[in-house]
Amino acid sequence: MTQPTTGSLHEQAIASLGARIVTGHIPVGTVLTPESVGISRTVLRECIRVLESLGLVQARRRRGTVVLPAADWQALDPRVLAWRLAGPDRLTTLSDLSELRLAVEPVAARLASTRATPDQCGALTAAIVGMSATQRSADHDEYLAHDRDFHRILLEASGNPLFAALSGAVAEALSGRTTHALMPHTANPEAIRLHEDVAAAVRRGDAVAAENGMRAIVEEADAAVQRPAR
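Predicted, not measured: the structure shown is a model, and the values here were computed from it.

Caption draft 1: Spatial organisation of the sheet that holds strand 3 (residues 64–67). Taking strand neighbours across the sheet as the criterion, the three strands line up as 1-3-2 in an open arrangement whose pairing is antiparallel. Every other strand in the sheet has two partners, leaving strand 1 (31–32) and strand 2 (57–60) as the edge strands with one partner each. As paired strands, strand 2 and strand 3 are joined by four bridges and run antiparallel to one another. From the neighbouring strand, Arg60 faces strand 3, where its bridge partner is Gly64. Contacts from helix 3 (residues 41–53) reach strand 1, strand 2 and strand 3, with the element oriented near 110 degrees to strand 2.

Here it is in structure tokens:
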């Protein structure tokens, strides 16, 4: 049997420890020690280095490494979002992400209608073709990959690098529905149509239609997570 590599063991430990902090299983103010978290000193040292970069913990003189409150976390980091989505407050996290997306993606679509390159317009169309081809298995990774591509390309096509930097957070919102069985097996035809409408509006330079269409996409996705996947 293949043994896990040292790197993968460290990654597993980081993911486990990060998730336990984010979901509150390791409370704020806890001092991390090998004994308190059940991992070796060497592995814990590597975990602390990563978790400190995410704002989850802080090394304090004469006290040790302490778990920090949520206000200090790198809240938009995909790893922090994935850990939140794996916890009991999943729907609240998805709602938070929907509010963020509503603030950003419609504006990104409006900007893309005047800034998207021909290659980006083509890539948006290709992503929709992929979504359409896999819509009868929308709860699988292939459909998810096309959906993620569409939203990443649109944010990049806005021409605003700060919007583009949010593509990881948007990708986690989309991935969370698939990973945690909140995505229907067959995609909602209305959702596919809305993506097509946005891509068409971007191609023809219709800023209002692009913005309104993207807002409808996010609102449809937010409403869908409140319904059981079928």
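After that view of the structure, there is still more to cover.
Caption draft 2: View of the pairing of strand 3. By the bridge criterion, two bridges tie strand 1 to strand 3 in an arrangement that is antiparallel. Residue pairing across strands places Val31 opposite Val66, the latter belonging to strand 3. What sits between the antiparallel neighbours strand 2 and strand 3 is a turn of three residues, in which Arg62 has the positive phi angle 65 degrees.

Caption draft 3: Fine view of empty space enclosed by the protein. Evaluated as defined, the whole model comprises three cavities of 30 Å³ or more. Estimated volume of the largest cavity: approximately 70 Å³. What lines the largest cavity is simply Leu94, Ser98, Arg101, Ala173, Leu174, Arg177, Ala221, Asp222 and Val225. Elements with a minimum of two residues in the lining of the largest cavity: helix 5 (90–115), helix 9 (167–179) and helix 11 (207–224). When the residues that make up the lining of the largest cavity are grouped by side-chain class, the tally is five nonpolar, one polar and three charged.

Caption draft 4: Up close: the nonpolar core. Core analysis: the largest hydrophobic core is formed by 22 residues, its most contacted members being Leu17, Ile21, Leu32, Leu51, Leu56, Val57 and Trp83. When sequence neighbours within four positions are dropped, the list of residues in contact with Trp83 reads Ile14, Ala15, Gly18, Ala19, Val22, Thr23, Leu51, Leu54 and Leu56. Residues Phe150, Ile153, Ala210 and Met214 belong to the second largest nonpolar core, which totals 19 residues.

Caption draft 5: Focus on the packing of helix 5 against helix 9. The geometry of helix 5 relative to helix 9 is characterised by a closest axis approach of 10 Å and an angle of 135 degrees between their N-to-C directions. The angle between the axes of helix 5 and helix 9 places the two elements in the oblique class. As helix 5 runs across helix 9, the sense of the crossing is left-handed. Mapping the contact onto sequence places Leu94, Leu97, Arg101 and Glu105 in helix 5 and Ala169, Val170, Ala173 and Leu174 in helix 9. For the contact of helix 5 with helix 9, the per-class residue count stands at six nonpolar, no polar and two charged.

Caption draft 6: Region of the structure containing the environment of Glu142. Tracing the sequence through the fold places Glu142 in helix 7 (residues 141–157). Sequence spacing of Glu142 and Arg49 is 93 residues, and the spatial spacing of their C-alpha atoms is 34 Å.

Caption draft 7: Geometry of the packing of helix 7 against helix 9. Here helix 7 crosses helix 9 at 155 degrees, and the two axes come no closer than 10 Å. In terms of orientation, helix 7 lies roughly antiparallel with respect to helix 9. The handedness of the crossing between helix 7 and helix 9 is right-handed. Across from Asp141, Leu144, Asp147, Arg148, His151, Arg152 and Leu155 in helix 7, the residues of helix 9 making contact are Ser167, Val170, Ala171, Leu174, Ser175 and Thr178.

Caption draft 8: Representation of the side chain of Arg177. By the secondary structure assignment, Arg177 is in helix 9. In this structure, Arg177 is buried with no salt-bridge partner, the nearest side chain bearing the opposite charge being Glu220 at 4.9 Å. Once residues within four sequence positions are removed from consideration, Arg177 is found in contact with Leu182, Met183, Pro184, Ala221, Ala224 and Val225.

Cut-offs used in this document
Residues numbered from 1 in each chain as written. Predicted model: local features only at pLDDT ≥ 70, side-chain atom pairs only at ≥ 80, totals over all residues. Heavy atoms only, no water. Pairing = 2+ DSSP bridges. Helix = DSSP H or I, 4+ residues; strand = E, 2+ residues; numbered from the N terminus. Contact = heavy atoms within 4.5 Å. Axes fitted to C-alpha atoms, helices over the stretch in contact; angles between N-to-C directions. 1 Å grid on protein atoms, 1.4 Å probe; cavity = no way out; pocket = protein on both sides within 12 Å on 5 of 7 lines; lining within 4 Å. Points joined across faces, edges and corners; volume = space filled by probe spheres on them. Nonpolar A, V, L, I, M, F, W, Y, C, P; charged D, E, K, R; others polar. Core = buried A, V, L, I, M, F, W, Y, C linked by side-chain atoms within 4.5 Å. Buried < 20%, exposed > 50% of the residue type's maximum accessible area, 1.4 Å probe, protein only. Parallel < 35°, antiparallel > 145°, perpendicular 65-115°, else oblique. Left-handed = near helix turned anticlockwise from the far one by under 90°. Lys, Arg positive; Asp, Glu negative; His and termini not counted. Salt bridge = Lys/Arg side-chain N within 4 Å of Asp/Glu carboxyl O.

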